[in-house]
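A look at the structure
Chain by chain, the residues:
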Amino acid sequence: MSGELRQACFDTAWLVRNLRSARFWPLNRVRPCRHSPVGWIGGAAFGYFSPPLQKTFLNLIGNFIMSKKTTAAITTIGGYVPEDRLTNADLEKMVDTNDEWIRTRTGIEERRILRGEGKATSDLCVPVMEEICRKRGISPLEIDCVIVATVTPDMLFPSTANIVCDKVGAKNAWGFDMSAACSGFLYALTSGAMYIESGRFKKVVVIGADKMSSIVDYTDRTTCIIFGDGAGGVLLEPNTDGYGVLDSILRSDGSGRTHLHMKAGGSLRPSTMETVAAKEHYIYQEGQAVFKFAVKGMADVSAELMERNKLTGDDISWLVPHQANKRIIDATAHRMGLSEEKVMINIQRYGNTTAGTIPLCLWDWEDKLKKGDNLVLAAFGGGFTWGATLVKWGH
Ligand code: UT7
């Protein structure tokens, strides 16, 4: 369908939808129809029916047109975590901490670490891309676009997406990295979905990946206990049956950058001997301040998304939350009126993999997902950035 035709359909659908709540037209107000005999006859016929019949008629047309809207369905999921585990017991030997504190304050038991000379975030993404292509039965050459959400790119440029496409042979794809910290996957998913909805692209891969061990100071007990390495990704494809990414609320507030950032290595403070000596290439986080914003931000936006889509806790099959802290996840689920059985939690196994957490949850839970399930994906992260996305599972 051409872009113009699709736009015309959307416009008509919008008009028809709005008419349902508007006053019904008496015949003398059907001005757009006065220009042609067909309009006169149609208007007369329409005005002849009683308002309930008019409403039913408009509903039918509206639903028909809206049902043909192209959405971006998640058709395949891939994931990857490195073999090496860093347990709470290991951390007890490295910093002044203990297993009990970490479990009760965060819910984390172990994380995965990508070790080895020359290993980078793209090496987390490659197995994800390969799994997606294998499971979907497609060649990497069929992929149109790759978006990698990450704050630990292989290098500042070229983009990690660029490197991944080269490594897997996705020679027909274009792509880019997206930097939105822990909300990166939701930002990238929403963007990728728009490319599909536009009709320009048929196969968009969205990956959330971070090698957090490359920016964690393993002498700082307030951050090193939290983060781990991992990646997950999805393939987005067009769908006209109403499945896929249905709605997103994304937010950002740059004034929150003071609480969570990396001080050096950017254009503000390029790397020098001094910045390295001052450990300014590691994560800086004011945990408590971030915690307070995260609890409110994630819960608020999830509740708003539910309200906007007229959903209650009963309508939601799964909450797929960013895995930063079990206590933040619990608060969000409580606010949404969801019991723990409906919440995906794997923080105990992987820790906080930043952009990787949400797709890794989807990857872990893939077997349990059923067609028609409503999923709310919710995240909060550095920036500050936060958001929630509604997905209707389609396969
Ligand atoms: O994903 C990106 C967004 N990030 C987040 O959402 C992270 C949000 N923040 C958090 O998850 C939590 O704030 C942390 C897990 C980082 C910290 O937990 P907390 O309950 O906020 O601890 P706290 O910073 O209030 O510290 C409480 C105490 C302090 O000791 P005193 O001053 O009470 O004696 C800390 O020094 O715990 C101490 N502490 C530790 N003790 C043992 C801090 N880290 C540790 C540790 N082991 N690793």
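The structure presented is a predicted model; accordingly, all values stated were derived computationally and were not measured. (Residues numbered from 1 in each chain as written. Predicted model: local features only at pLDDT ≥ 70, side-chain atom pairs only at ≥ 80, totals over all residues.)

Things to note about unusual backbone geometry
Geometrically, the link from Phe157 to Pro158 is a cis peptide bond, its omega value of 0 degrees lying close to zero. In this fold, Pro158 is placed in the loop between β4 (145–149) and α7 (160–168). Looking along the chain, the bond that leaves Gly383 and enters Phe384 is cis, with omega of -5 degrees. Tracing the backbone through its elements, the reader meets Phe384 in the loop between β12 (374–381) and β13 (385–392). Even without glycine at this site, Lys310 takes up a positive phi of about 55 degrees. Examined against the element boundaries, Lys310 turns out to sit in the loop between α11 (287–308) and β11 (318–321). Taking the C-beta count within 10 Å as the criterion, Lys310 has 7 such neighbours and is therefore assigned exposed. (Helix = DSSP H or I, 4+ residues; strand = E, 2+ residues; numbered from the N terminus. Buried ≥ 20, exposed ≤ 12 C-beta atoms within 10 Å, placed from the backbone.)

Here we look at the site of the ligand
The environment of the ligand is made up of 18 residues, and the closest members are Thr97, Gly287, Phe291, Ala324 and Asn325. The leading source of residues in the shell around the ligand is α11, at 5 residues. Of the domains in this structure, domain 2 (71–242) and domain 3 (245–392) are the two that each give at least three residues to the shell around the ligand. (Near = placed C-beta within 6 Å. Domains from an automatic or database assignment.)

Let's talk about the packing of α11 against helix α12 (residues 326–336)
In a pair of packed helices, the angle between the axes and the distance between the axes together describe the arrangement. Running from N to C, α11 and α12 cross one another at 30 degrees; their axes reach a closest spacing of 9 Å. Considering their axes alone, α11 and α12 lie roughly parallel with respect to each other. Note on packing geometry: the crossing formed by α11 with α12 is right-handed. Within the contact between the two elements, α11 uses Phe291, Ala294, Val295, Met298, Ala299, Ser302, Ala303 and Met306 and α12 uses Ile328, Ala331, Thr332, Arg335 and Met336. Grouping the constituent residues of the contact of α11 with α12 by class yields 10 nonpolar, 2 polar and 1 charged. (Axes fitted to C-alpha atoms, helices over the stretch in contact; angles between N-to-C directions. Parallel < 35°, antiparallel > 145°, perpendicular 65-115°, else oblique. Left-handed = near helix turned anticlockwise from the far one by under 90°. Contact = placed C-beta atoms within 7 Å. Nonpolar A, V, L, I, M, F, W, Y, C, P; charged D, E, K, R; others polar.)

Describing α7
Within α7, 7 of the 9 residues are buried, which leaves the element mostly enclosed by the surrounding structure. Within the span of α7, buried status applies to Thr160, Ala161, Asn162, Ile163, Val164, Cys165 and Val168. Looking at the buried residues of α7, the elements they touch are α6 (121–136), β4 and β5 (174–178). In the segment just after α7, Gly169 is the residue with positive phi, at about 80 degrees.

So, helix α8 (residues 184–197)
For α8, spanning 14 residues, the distance from its first C-alpha to its last is 20 Å, which sits close to the expected 20 Å at 1.5 Å a residue. Every buried residue of α8 is accounted for by Gly184, Phe185, Leu186, Tyr187, Ala188, Leu189, Gly192, Ala193 and Ile196. One or two steps after α8, the chain reaches Gly199, where phi turns positive at roughly 90 degrees. (Expected span 1.5 Å × (residues − 1).)

Regarding the confidence of the model for the protein chain
Here the protein chain averages 90 in pLDDT, while 83% of its residues score no lower than 70. Across residues 20–33, confidence stays below pLDDT 50; counting only partners more than four residues off in sequence or on other chains, it has 18 contacts. (pLDDT = per-residue confidence, 0-100.)

Here's the deal with the nonpolar core
In this structure, Val146, Ala149, Leu236, Leu319, Val320 and Val376 are the most contacted members of the largest nonpolar core, which totals 101 residues. Residue contributions to this core reach at least three from each of two domains, namely domain 2 (71–242) and domain 3 (245–392). Discounting chain neighbours no more than four positions away, the residues touching Val146 are Ala161, Val164, Cys165, Ala170, Ala173, Gly175 and Val205. (Core = buried A, V, L, I, M, F, W, Y, C linked by C-beta atoms within 7 Å.)

Some remarks on the environment of Cys361
Assignment of secondary structure puts Cys361 in helix α14 (residues 357–365). Residues Cys361 and Ile347 lie 14 residues apart in sequence; the distance between their C-alpha atoms is 9.2 Å. Apart from residues no more than four positions distant in its own chain, Cys361 is found in contact with Val320, Met344 and Asn346.

Observations concerning the environment of Ala193
As for its position among the elements, Ala193 is in helix α8. Once residues within four sequence positions are removed from consideration, Ala193 is found in contact with Ala72, Leu236, Gly244 and Val245.

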